[in-house]
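# Architecture and fold: a report
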Amino acid sequence: MTAPCTLCPALAAHRRCIVQGYGDPQARLLIVGEAPGHLGADRTGVPFTGDRSGRRVQALLMGLGLSEATDPAMNAPRLRGVFLTNVVRCNPPGNRNPTPVEVANCAPYLAAELAAIRPQVVATLGIFAARWAFRALLDRELPAGMRALHGQVWPAGGRTLLTLVHPARASTAQMATAAAQLQMLLAG
Ligand code: SF4
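Below, the structure is looked at part by part. In this text the structure is predicted, and so the values were computed from the model without any measurement. (Residues numbered from 1 in each chain as written. Predicted model: local features only at pLDDT ≥ 70, side-chain atom pairs only at ≥ 80, totals over all residues. Heavy atoms only, no water.)

## Points about helix 3 (residues 52-63)
In this model helix 3 runs 16 Å from its N-terminal to its C-terminal C-alpha over 12 residues, within 8% of the 16 Å that 1.5 Å per residue would give. The complete set of buried residues in helix 3 reads S53, G54, R56, V57, Q58, L60 and L61. Those residues of helix 3 that are buried lie in contact with strand 2 (29-33), strand 3 (82-86), strand 4 (121-125) and helix 7 (172-187). Two residues or fewer after helix 3 comes G65, characterised by a positive phi angle close to 75 degrees. (Helix = DSSP H or I, 4+ residues; strand = E, 2+ residues; numbered from the N terminus. Expected span 1.5 Å × (residues − 1). Buried < 20%, exposed > 50% of the residue type's maximum accessible area, 1.4 Å probe, protein only. Contact = heavy atoms within 4.5 Å.)

## A closer look at the sheet that holds strand 6 (residues 159-164)
If you trace the six strands from one edge of the open sheet to the other, you get 1-3-2-4-6-5, paired in mixed fashion. Here the strands that pair on one side only, and so sit at the sheet edges, are strand 1 (22-23) and strand 5 (152-156). One ladder, built from five bridges, connects strand 2 with strand 3; its direction is parallel. Each residue of the ladder has a partner; that of G33, found in strand 3, is N86. Where helix 4 (residues 100-117) meets the sheet, its contacts fall on strand 2, strand 3, strand 4 and strand 6, and the angle it forms with strand 3 comes to roughly 170 degrees. Relative to the sheet, helix 5 (residues 127-138) contacts strand 2, strand 4, strand 5 and strand 6, its axis offset from that of strand 6 by approximately 160 degrees. (Pairing = 2+ DSSP bridges. Axes fitted to C-alpha atoms, helices over the stretch in contact; angles between N-to-C directions.)

## A few points about the packing of aromatic side chains
Aromatic rings in a pair are described by how distant their centres are and how their planes are angled relative to each other. Counted under the stated rule, the structure contains one aromatic pair. Between R131 and the ring centre of F128, over which it is positioned, the NZ or CZ distance is 5.5 Å. (Phe/Tyr/Trp six-rings, centres within 6.5 Å; stacked < 30°, edge-to-face > 60°. Lys NZ or Arg CZ within 6 Å of the ring centre and 35° of its normal.)

## Quick notes on the nonpolar core
With 29 residues, the main nonpolar core has V32, V87, V122, W132, L137 and L161 as its most contacted residues. Tallying contributions element by element places helix 5 first for this core, with seven residues. Discounting chain neighbours no more than four positions away, the residues touching L137 are L114, V122, A156, R159 and L161. L29, L61, A123 and L182 belong to the second-largest nonpolar core, a separate cluster that totals 20 residues. (Core = buried A, V, L, I, M, F, W, Y, C linked by side-chain atoms within 4.5 Å.)

## A short note on unusual backbone geometry
Residues other than glycine seldom take positive phi values, yet N95 does so here, at roughly 55 degrees. Position of N95 relative to the elements: it lies in the loop between strand 3 and helix 4.

What follows is the structure, given as C-alpha cells:
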C-alpha cells in the first residue's frame, strides 16, 4: 500500500483525510475548487459535499441533470458527466488559503486527473482554481480579479474554460449565472 502523501507538512498534520477527485471518469465537465472544507469534504471524503458550498454545488449539478441525488446534502451523490476535484487535496488549518508551495505540491495530482478524464469543459470555482487553470491551460496569468472573471468563457486548446467565483462567496445571481453558462456549454 502506498503511504499517504505528506508533501505539505502543515496540511498532512491537520487533515482528516486526503480528498481525491470524485465523479464520472468519462466526464465532459471537470469542476475544480480550492481545497476540501473543514466542515465538508475533509469530513466526508468527497469534494463539494457536507457543507454550504457543497450543497450549492450539488444543487447546481442536480439542476443540470449531472447528479442522480435527490437531496443536495447527500455525501456520496452518483454523478454522471461531471468530475469534482480541488487544487489541493488536503484541508488547510483554519480553512486558510493554500500556499503557492502547497498548490505546486499538489499540481501533479490535478494534472493526472485532467489527463485521465480529458474533459471538454473545465469550470473553476474561486481564484486559486482560476489561477491554476490559466497557467495550466492557457499558459498565462489571470488577467483580472474573480468578480470580473465570473461567468467568462475562455477557449483553451480544444477545451473550454469557465471561470466562476467560489460558491462560498457567490451571490444567488452569480450561482444562476454559473448554471446558465454551464447549461449553455454542455449543450454545445
Ligand atoms: S495537499 Fe496534495 S501535495 Fe499536499 S499533502 Fe495533500 S495530497 Fe499531498
